[in-house]
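The residues making up each chain are set out below.
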Amino acid sequence: MRLAFDEQGSGPAVVLLHGFPLDRTMWSGQIGVLSGHHRVVTPDLRGHGESPTPPGPYPMEELAADVVETLDAAGIEPPYVVGGLSMGGYVALAMAERLPDRIRGLILLNTRAGADSPEAAARREDSARTIEHEGSTESLSGMVEKLFAPSTLHGRPELVDQISGVIRRTAPGGAAGALRGMATRPDRLGVIRSLRVPVLVIAGEEDAIVPEEDSRAMAEAASDGELIVIPGVGHLSPMEAPGATDAAIRSFLGRLG
Ligand code: MLT
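Note that the structure is predicted; figures quoted are calculated from it, not measured. (Residues numbered from 1 in each chain as written. Predicted model: local features only at pLDDT ≥ 70, side-chain atom pairs only at ≥ 80, totals over all residues. Heavy atoms only, no water.)

### A word on the pattern of salt bridges
Threshold: A side-chain nitrogen of Lys or Arg and a carboxyl oxygen of Asp or Glu constitute a salt bridge if their distance falls within 4 Å. Helix and strand labels come from DSSP, where a helix needs a run of H or I of at least four residues and a strand needs a run of E of at least two; each type is numbered from the N terminus.
Tallied over the entire structure, the rule returns 20 salt bridges. A salt bridge links Glu62 to Arg46; the nearest nitrogen and oxygen atoms lie 3.1 Å apart. Of this pair, Glu62 sits in helix H2 (residues 60-73) while Arg46 sits in the loop between strand E3 (39-43) and H2, and the two are 16 residues apart along the sequence. Arg188 is the salt-bridge partner of Glu97, the closest N and O atoms lying 2.9 Å from each other. Taken as a pair, Glu97 in helix H3 (residues 87-98) and Arg188 in the loop between helix H8 (172-183) and helix H9 (189-194) lie far apart in primary sequence, 91 residues in all.

### Digging into the site of the ligand
Defined as follows: We call a residue near a molecule or strand whenever a single non-hydrogen atom of that residue lies within 4 Å of it. Definition of a polar contact: a pair of N or O atoms within 3.5 Å, with one able to donate and the other able to accept a hydrogen when the atoms are protein atoms, and with sequence-neighbouring residues admitted only if both atoms are side-chain atoms. Computed with a 1.4 Å probe, the accessible areas rest on the Shrake-Rupley method; for each residue, only the protein chains presented here act as cover. Ten residue types, Ala, Val, Leu, Ile, Met, Phe, Trp, Tyr, Cys and Pro, are classed as nonpolar, four, Asp, Glu, Lys and Arg, as charged, and the remainder, Gly among them, as polar.
Neighbouring the ligand are Gly19, Phe20, Ser86, Met87, Tyr90, Arg112, Arg124, Met182, Ile209 and His235. Contact distances for the ligand include 2.8 Å between an oxygen atom and a backbone N or O atom of Met87. Side-chain polar atom of His235 to an oxygen atom of the ligand: 2.8 Å apart, as the coordinates give it. Computed on the free molecule, the ligand has an accessible area of 270 Å², of which 94% lies beneath the protein chains in the complex. Of the residues that constitute the shell around the ligand, the class distribution is five nonpolar, three polar and two charged.

What follows is the structure, given as structure tokens:
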């Protein structure tokens, strides 16, 4: 499947994968900053943004295959740096498992390597059914409270409105497909352990969705891993703290050469 994407800049490719139930616009800050020295590519994953919404479920491996097909069709040569936030990180790890030779560095933001517990998977199925029943993603709107640190939630209403709008606009079938796909993803800590490329893990100190120990476990599993914890930030580090996130990514890319 060919995905909608933005691209800017030239040089070594950096592919950034958005979280659930968001779209590529979450990287608008990073595109400008990183494209000075890199070709930055930001796809909309299947069922999100302007990409097609086929019937679900969407296993993370299929989302990864879509990204690879889209990059190939656009003539973007591997190896690339792949960065993913939360669900985007699950997709990045699925890609690293299948096609490790295509990856020259991994950036895992506000994400985890572990699988869902049975309870978490059941909650996702309930949520997918509600979305299908209502024919809308309105039931996901409460998620914004968990996505942001309290200071962002109360101090940056424009950002909260922007994300609420993206969640509302996500296709119901796309959200349900992704929820069911995330529910069946396997544990991929072993993938990180087996990778022979540098791994940067970025965590938000106040992330209500991914505990810091999950981020630490990924950085420690990597043969060349680094953990940056950004203070005062929730689940959306690139949007809540673009300066600190960009600085961490730029220093990582600089190290890769
Ligand atoms: C995301 O931000 O992509 C989601 O919180 C991931 C998840 O629900 O596990």
